Amino acid sequence: MSFRHWVILLPLIAALLSCSAASNDKPGKKHTVTIAGSTSVMPFTEKLAEHFMVDHKNFIVDVQGGGSTAGIQATINNTVDLGMSSRPLKGEEKRLNTITICYDGIAVVVHPDNPVGELDLDRIRQIFSGRISNWRQLGWVNRKIDAVSREEGSGTRGAFEDLVMKGREIDDGTMVQDSNGSVKEVVATDPYAIGYISMGLVDRKVQPVAINGVKPSIKTIKSGRYKIVRPFLYVTNGELDPKSRQFVDYVLSKEGQKILKNEGLVGFYD
Amino acid sequence: MRINPRYINRLVRMGLNVQAYFTVGILIIIVAIIFFKGFPHTNFAFILSFPEDMGREGGIFPSIVGTIQLALLSILLATPLGLGTAIFLTEYTKESLFTKFIRFGVESLAGIPSILYGLFGFIFFVIKLKMGWSLLAGVLTMTIMILPTIIRTSEEAIRAVPRQLRIVSYSLSASKWETIKKVVIPAAIPGILTGIMLSIGRAVGETAAIIFTMGSSLRLPLSLMDSGRTMAVHFYILAREGISMEKAYGTAVVLVLSILLINILAYYIMNKAIARYS
Amino acid sequence: MIDRTVLKEHLVKWVLVAFALSSLLFLFLIFIFILAEGLPLFLKVGVNKIIFGMKWAPTKGYFGIFPMIISSFLVTIGALIIGAPLGLSCAIYLSEYAGKRTKMLLKPAIELLAGIPSVVFGFLGVIYIVPLVRSYLGGSGFSLISTSLVLGVMILPTIISISFDALVSVPRTYREGSAAMGATKWQTIYKVIIPSAKSGILASFILGMGRAIGETMAVIMIAGNALKIPTSILDPLRTLTGNIALELAYATGDHRLGLFSTGVVLMVIIMILNYVANFGIKRKIAK
């Protein structure tokens, strides 16, 4: 390819650049709602967005991960329309508006072959702080416990620290994975692992442990018997703009809440 | 007792033989696993349809498009830059402190691990230049990453062009630039193409630098400011989050097959080029 | 009127100079931006508390990355223990023993191994190596040894191709001289060829180290990412690269700065390795 070709190609690239920049504000009457934040809330928001866009052809809902903290920051900076958070706001962040879209239990999960089906809160705290490190101490085989946690900054870890650890630190020897899905994969493949994930993701690959005798389920959360629960929030900077409101209204509608319920989350209708 | 050196010789030969084939065996096993597990899940529908339910169902069309966009756009930017640098280094200067500096720059860029490119692209393009997670940020990061490969292969290719060709061109009273444009570059094209193919292979397989600059949105990127997901990133997410092993293997087949084809093509072109001048 | 061709020649030359400078500019930008984000924390928290700190809890004000530095070196050494002998043997076989046709088959195959994306290595490591280690050696399988095994394979192409070049460039007269004195092939290789190709072989090991220490995606999939310095080869561990990749998407404020500080340390290590491999050793060859 000679240089002359490049002389032709470069303006082409420039043209591509400019037309794509222009396509953003073309009068195509498409409304784009950008959402970013918690990776725990993201899969459910994606699902809601898929269904929403079927009925609202002139909408594009762009869903990104990034984590609760990043999503909240992006909302403060107005780089997204909606932020997703899987933990309550703290300090400075409290000036944002919050919309609770549903509640999510955090399930402590083990491998399906693991016979230890019940633990109390104190035991779980001791496992993750490294005080209990062998399954024999819990009445099973003489084998090290492979505890799996989430990384610093994750909303699920934050909620787990608040609700379960209560000030006790998670041991440095604990394995760390960077999403609910990868924690679940480790627990699903390692018979001696224990981890915590969003209840909505529990399926046959992992076994949820009963905590103080209560198995996590929509019922036990509603009745208030299962205690490790956190809200899934959408946050906005100031009032909702009309296009985002349409999406949020859909999420809070019976139809949207039904989708969330099917995913194992606790919504506002039955 | 002394062992006959000949036996040792034979033993060593056997040992080395085993190890060399063991290494190639690893490659064959990797490719075989991917293909046996993945082929049942790969077909035209898989390639041409959109993913549903986060990739649990459906195909990988948007990620294929995203991969092609990323690879082609970064090649489009990196080739003129890299080829220009190579021409400058070979035709316009003698070895000096200045060329040493430039070479140092190229070598250093080549040695930087991809996660540091990701870190840089994230802070510079995504945050400081406010591009957000976008195709553009991914393309610009990738351009810098593949630049050293293009420079090095183009430089070698240009150096391999016989001097006689240039002398003939000058004797026909062509200027330096005309000689380069009409004689040197056409003669060096196979080598330059090799570099381009290798760079495409790298762009297709890269994950760490791309996931922090281009993001991981599953939508079809329609503009440079859209976030997108390349095949490698899609595969990573499918496998790591345990979304669907079948789809992960299926994606891996398309991913590995395209990289193998691209690289084989690159070596084929290179061998042709070597055969031409020796 | 100045000759238009002369003018054009000048223009072309200056455009090419600008292109050539772009690589330096990019390198400069990468340096400046990673340093600008990474250094402030060193000043604020203290170099000692970051580099020799044992505790990483950035949301609580601890930024110690000493365990990760150690872990990065441990997996790299592990990878070398596996990759270096295997790679060198392959290179020797290819340069000294293999016939032309075998060479034509093996060399491209090994180069193709270099093109397989690291996520694929990581994935296969999780599916095949991790369970194998778990059931035969114990522990969770996400461990120092699994990571080293996979990285050892990943650095093979680097080691093979660079030490192959070094072996091939040993002059033929050396081989002929040794053979003329009645040495067997192995004696020639062992006593003559390897010593003369020593610096190139060393460079291949160091560049392999650089590749292993910089590898990210495969490592976060297999290493388990625990924050402690591993006390056995079956313990999980977190490398510098893993730390960045795990937490970058989530981090804000000082936490993000802490990840860039991790990046600064990684960059310094890589620069030292590359400098040693490219300049320190090549200069020796020239002498």
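Note that this is a predicted model, so its numbers are computed, not measured.

### Observations concerning the domain arrangement of chain B
Residue and element names in this part refer to chain B.
1) Next: When the domains of chain B are assigned, the result is domain 1 (5-40) and domain 2 (42-276).
2) Next: Centre-to-centre, using C-alpha coordinates, domain 1 lies 30 Å away from domain 2.
3) Next: Of the roughly 730 Å² buried at the junction of domain 1 and domain 2 (both faces included), carbon and sulfur atoms supply 79%.
4) Next: In terms of surface lost to domain 2, no three residues of domain 1 exceed I34, F35 and F39, which account for 56% of the buried area on that side.
5) Next: Across the domain 1-domain 2 interface, the total number found is 0 salt bridges.
6) Next: At the junction of domain 1 and domain 2, the tally comes to 2 residue pairs in polar contact (both at pLDDT 80 or more).

### Let's talk about the packing of helix α6 (residues 135-159) of chain B against helix α8 (residues 176-205) of chain B
Residues and elements named next belong to chain B.
1) Next: In contact at an axis separation of 8 Å, α6 and α8 are set at 150 degrees when each is read in the N-to-C sense. The angle between the axes of α6 and α8 places the two elements in the roughly antiparallel class. Remark: the crossing between α6 and α8 carries right-handed chirality. Side by side, α6 and α8 meet where M142, M145, I146, T149, I150, T153, S154, A157 and I158 of the first sit next to V184, A188, G191, I192, G195, I196, L198, S199, R202 and A203 of the second.
2) Next: Taken together, the residues of the contact of α6 with α8 sort by class into 12 nonpolar, 6 polar and 1 charged.

### Here's the deal with the interface of chain C and chain A
1) Next: Contacts between the two partners involve 26 residues from chain C and, on the opposite side, 28 residues from chain A.
2) Next: For the pairing of chain C and chain A, the buried interface totals around 2200 Å² over both sides, and the portion due to carbon and sulfur atoms is 52%.
3) Next: Among the residues of chain C in contact with chain A, R134, Y250 and T252 of chain C are the three that bury the most area, contributing 30% of the side total.
4) Next: Summed over the shared surface of chain C and chain A, the number is 4 salt bridges.
5) Next: E152 of chain A is the salt-bridge partner of K60 of chain C, the closest N and O atoms lying 3.8 Å from each other.
6) Next: Here chain C and chain A share 8 residue pairs in polar contact (both at pLDDT 80 or more) between them.
7) Next: Counting residues per element, the side of chain C that touches chain A draws most heavily on helix α12 (residues 240-247) of chain C, which supplies 3 residues.
8) Next: Residues belonging to the side of chain C that touches chain A are distributed by class as follows: 12 nonpolar, 8 polar and 6 charged.

### Some details on the packing of aromatic side chains
1) Next: This model, assessed by the stated rule, comprises 25 aromatic pairs over all chains.
2) Next: Grouping aromatic residues by their ring pairs yields a cluster made of F52, F59, Y234, F247 and Y250 of chain A.
3) Next: Here K176 of chain B stacks its cationic end above the ring of Y92 of chain B, 4.7 Å away from the centre of that ring.

Each value, and the rule that gives it
Residues numbered from 1 in each chain as written. Chains lettered and ligands numbered in written order. Predicted model: local features only at pLDDT ≥ 70, side-chain atom pairs only at ≥ 80, totals over all residues. Heavy atoms only, no water. Domains from an automatic or database assignment. Buried area = accessible area lost by both parts, 1.4 Å probe. Salt bridge = Lys/Arg side-chain N within 4 Å of Asp/Glu carboxyl O. Polar contact = N/O pair within 3.5 Å; in protein donor to acceptor, adjacent residues only side chain to side chain. Axes fitted to C-alpha atoms, helices over the stretch in contact; angles between N-to-C directions. Helix = DSSP H or I, 4+ residues; strand = E, 2+ residues; numbered from the N terminus. Parallel < 35°, antiparallel > 145°, perpendicular 65-115°, else oblique. Left-handed = near helix turned anticlockwise from the far one by under 90°. Contact = heavy atoms within 4.5 Å. Nonpolar A, V, L, I, M, F, W, Y, C, P; charged D, E, K, R; others polar. Phe/Tyr/Trp six-rings, centres within 6.5 Å; stacked < 30°, edge-to-face > 60°. Lys NZ or Arg CZ within 6 Å of the ring centre and 35° of its normal.

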